[in-house]
Amino acid sequence: MKMLHTKEIIQKIWDAQGYGNLAVWGDGATVVIAPGESPERGGKAPLAVFKPIPLVAGFSMLDFALHDPALLSLIETTIREAGGEIERD
């Protein structure tokens, strides 16, 4: 299992705004999926599916989101509770 990185995931969540939700797997793969679309990949469910608008739309700049302690903690907790490994970079 690849180590995931919090700020990299937040960047991808930011980029997914308006396109769909971000599915994250333990091997580091991420895919933007349309709402209602199955996030499974090769029969395997992702560790988490993040909804960008509620998470990052309130930040006027990506840099604010990347340094928000509550958002960093939420991403890390979600991944760890799903059995993944993540580190803050």
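Preceding this paragraph is the structure being described.
In short, a report on the structure. (Residues numbered from 1 in each chain as written. Predicted model: local features only at pLDDT ≥ 70, side-chain atom pairs only at ≥ 80, totals over all residues. Heavy atoms only, no water.)

## Focus: the packing of helix α1 (residues 6-16) against helix α4 (residues 69-81)
Link 1 in the chain: Direction vectors running N to C along α1 and α4 enclose 105°, while the axes themselves pass 10 Å from each other. Relative to α4, α1 is oriented roughly perpendicular. Counted together, Thr6, Lys7, Ile9, Ile10 and Ile13 of α1 and Leu71, Leu72, Ile75, Glu76 and Ile79 of α4 form the full contact between these two elements. (Axes fitted to C-alpha atoms, helices over the stretch in contact; angles between N-to-C directions. Helix = DSSP H or I, 4+ residues; strand = E, 2+ residues; numbered from the N terminus. Parallel < 35°, antiparallel > 145°, perpendicular 65-115°, else oblique. Contact = heavy atoms within 4.5 Å.)

## So, the nonpolar core
Link 1 in the chain: Counting residues in hydrophobic clusters, the biggest one holds 18 residues, and the most contacted among them are Ile9, Ile10, Ile13, Phe50, Ile75 and Ile79.
Link 2 in the chain: For this core, the secondary structure elements donating two or more residues are α1, β2 (21-24), β4 (48-50), α2 (52-56), α3 (62-66) and α4.
Link 3 in the chain: Sorting elements by how many residues they give to this core places α4 first, with 4 residues. (Core = buried A, V, L, I, M, F, W, Y, C linked by side-chain atoms within 4.5 Å. Buried < 20%, exposed > 50% of the residue type's maximum accessible area, 1.4 Å probe, protein only.)

## Some words on the side chain of Glu76
Link 1 in the chain: Mapped onto the elements, Glu76 comes out in helix α4.
Link 2 in the chain: Note on Glu76: relative accessible area 7%, which makes it buried.
Link 3 in the chain: A distance of 2.8 Å separates a polar atom in the side chain of Glu76 from a polar atom in the side chain of Arg88.
Link 4 in the chain: Among all residues touching Glu76, those that are not within four sequence positions of it are Thr6, Ile86 and Arg88. (Polar contact = N/O pair within 3.5 Å; in protein donor to acceptor, adjacent residues only side chain to side chain.)

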